[in-house]
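The residues making up each chain are set out below.
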Amino acid sequence: DQQVKQNSPSLSVQEGRISILNCDYTNSMFDYFLWYKKYPAEGPTFLISISSIKDKNEDGRFTVFLNKSAKHLSLHIVPSQPGDSAVYFCAAYSGAGSYQLTFGKGTKLSVIP
Amino acid sequence: ETGVTQSPTHLIKTRGQQVTLRCSSQSGHNTVSWYQQALGQGPQFIFQYYREEENGRGNFPPRFSGLQFPNYSSELNVNALELDDSALYLCASSLGTGHNTEAFFGQGTRLTVV
């Protein structure tokens, strides 16, 4: 069973507009969430994270929102750039001593010039 | 500062064979985790090594085994290969374990079992 779900396999956005990538989770023990970006033939690279004690974290063009009651998080990219075209993975840790990242299946973002 | 490097980048093996994949962790990192990413799926946790000891294991059978060396590089060994083992194998290194340590991934090894 998928504990981290990214229900949109793909998303297309015009350059300059906002990209919103969504992620839902079922495990209430998850307390730390991360977004990774992956280009073809490369490993995933860390983008931004958020602890469950927060509801928002911002880093430049990237903002992650966490709604604990809905078990939902989203990544906002504003403005979107063609170089943002990649697969985005939502991932989560459970508990302070956790060593295991649980990933979603990913969403392929295409930013159209 | 060198990043995480994995070798080989691509590999083709026959069902029933054994394979060893290698990972050099980022300089100064003492923790290595291995993930399997099947086509169309997200990476799945196989196991983690911290200071040469297995620190946790995901839902993979015992024919998946690993080692970490004193220089913190690591190997993933898979025995009795099955067709379903075809996947991208990712290694990630970090400084320490736990949920707020950033894991840096290598480019992966693409294993094809025929």
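Our subject is the structure that appears above.
The following paragraphs examine the structure supplied in this document. (Residues numbered from 1 in each chain as written. Chains lettered and ligands numbered in written order. Predicted model: local features only at pLDDT ≥ 70, side-chain atom pairs only at ≥ 80, totals over all residues. Heavy atoms only, no water.)

1. With respect to the sheet that holds strand E8 (residues 72-77) of chain A
Residue and element names in this part refer to chain A. Threshold: Strands qualify as paired when DSSP identifies two bridges or more between them. What counts as a helix is a DSSP run of H or I of at least four residues, what counts as a strand is a run of E of at least two, and both are numbered from the N terminus.
With respect to topology, five strands assemble into an open sheet ordered E1-E3-E8-E7-E6, the strand pairing being antiparallel. Among the strands making up the open sheet, the edge pair consists of strand E1 (4-5) and strand E6 (56-59). Pairing of E6 with strand E7 (residues 62-67), which is carried by four bridges, proceeds in the antiparallel orientation. Bridge assignment links Asn 57 to a residue of E7, and that residue is Val 64.

2. A short note on unusual backbone geometry
We apply this condition: Residue burial is assigned from relative accessible area. The probe radius is 1.4 Å, only protein chains are included, and a residue is buried under 20% of its type maximum, exposed over 50%, and partly exposed in between.
For the bond running from A:Val78 to A:Pro79, omega is -10 degrees, close enough to zero to count as cis. Structurally, the position occupied by A:Pro79 is in the loop between E8 and strand E9 (86-94). Residues B:Ser7 and B:Pro8 are joined by a peptide bond in cis, for which omega reads -10 degrees. Looking at the element boundaries, B:Pro8 is found in the loop between strand E1 (5-7) and strand E2 (10-13). One non-glycine residue with positive phi stands out, namely A:Ala41, at about 65 degrees. Position of A:Ala41 relative to the elements: it lies in the loop between strand E4 (30-38) and strand E5 (45-51). Judged by its relative accessible area of 71%, A:Ala41 is exposed.

3. Some words on the interface of chain A and chain B
Rules: A contact between two residues is defined here by any heavy atoms of the two lying within 4.5 Å. The term buried area denotes the loss of accessible surface (1.4 Å probe radius) that occurs when two parts are joined, taken as the sum for both partners. The rule for a salt bridge is simple: a side-chain nitrogen of Lys or Arg has to be within 4 Å of a carboxyl oxygen of Asp or Glu. Here a polar contact is taken to be a pair of N or O atoms separated by no more than 3.5 Å, where protein atoms must pair a possible hydrogen donor with a possible acceptor and residues adjacent in sequence count only if both atoms sit in side chains. Under the convention adopted here, Pro, Cys and the residues Ala, Val, Leu, Ile, Met, Phe, Trp and Tyr are nonpolar, Asp, Glu, Lys and Arg are charged, and Gly plus all remaining residues are polar.
The partner chain B presents 22 residues to the 21 residues of chain A that form the contact. Regarding the contact of chain A and chain B, the summed buried area is about 1,700 Å², with carbon and sulfur atoms giving 58% of it. Inspection of the chain A/chain B interface yields zero salt bridges. Counting across the chain A and chain B interface gives three residue pairs in polar contact (both at pLDDT 80 or more). Secondary-structure elements contributing two or more residues to the side of chain A that touches chain B are E4 and E9 of chain A. Looking at which element gives the most residues to the side of chain A that touches chain B, the answer is E4(A), with four residues. Split into classes, the residues belonging to the side of chain A that touches chain B amount to 11 nonpolar, six polar and four charged.

4. Brief notes about empty space enclosed by the protein
To keep things clear, this is the line we draw: In this analysis a 1.4 Å probe is tested at points of a 1 Å grid over the protein atoms alone, and where it fits but cannot get out there is a cavity; an open set with protein on both sides within 12 Å along at least five of seven lines is a pocket; lining residues have an atom within 4 Å of a point. Grid points are joined across faces, edges and corners, and a volume is the space filled by probe spheres set on the points.
Evaluated as defined, the whole model comprises one cavity of 30 Å³ or more. Surrounding the largest cavity, A:Tyr93, A:Tyr99, B:Ser33, B:Tyr35, B:Gln48, B:Ala92, B:Ser94, B:Gly96, B:Thr97, B:Gly98, B:Thr101 and B:Ala103 form its lining. Among the elements of the structure, strand E4 (31-37) and strand E9 (87-94) of chain B are those that each provide at least two residues to the lining of the largest cavity. A class-by-class count of the residues in the lining of the largest cavity yields five nonpolar, seven polar and no charged.

5. Notes on the pattern of salt bridges
Scanning the model with the defined rule gives six salt bridges over all chains in all. A:Arg61 is paired through a salt bridge with A:Asp84; the nearest N and O atoms lie 2.8 Å apart. Taken together, the positions of A:Arg61 in the loop between E6 and E7 and A:Asp84 in the loop between E8 and E9 put the pair 23 residues apart, joining distant regions of the chain. Take A:Arg61: its relative accessible area is 22%, and that puts it in the partly exposed class. Residue B:Arg63 is joined to B:Glu82 by a salt bridge in which the shortest nitrogen-to-oxygen separation is 3.3 Å. Placement of B:Arg63 in the loop between strand E6 (53-57) and strand E7 (64-68) and of B:Glu82 in the loop between strand E8 (74-78) and E9 is noted, with a sequence separation of 19 residues between them. Looking at B:Glu82, the relative accessible area reads 40%, which means it is partly exposed.

6. So, the layout of surface pockets
There is about 590 Å³ of room inside the largest pocket. Residue classes in the lining of the largest pocket are distributed as 11 nonpolar, 11 polar and five charged. Space inside the second largest pocket adds up to approximately 430 Å³. Around the second largest pocket, the lining comprises 17 residues; the ones closest to its centre are A:Asp1, A:Gln100, A:Thr102, B:Gln44 and B:Phe45. Going through the elements one at a time, strand E10 (102-103) of chain A together with strand E5 (44-50) of chain B are the ones with two or more residues in the lining of the second largest pocket. The residue makeup of the lining of the second largest pocket, split by class, is seven nonpolar, nine polar and one charged.

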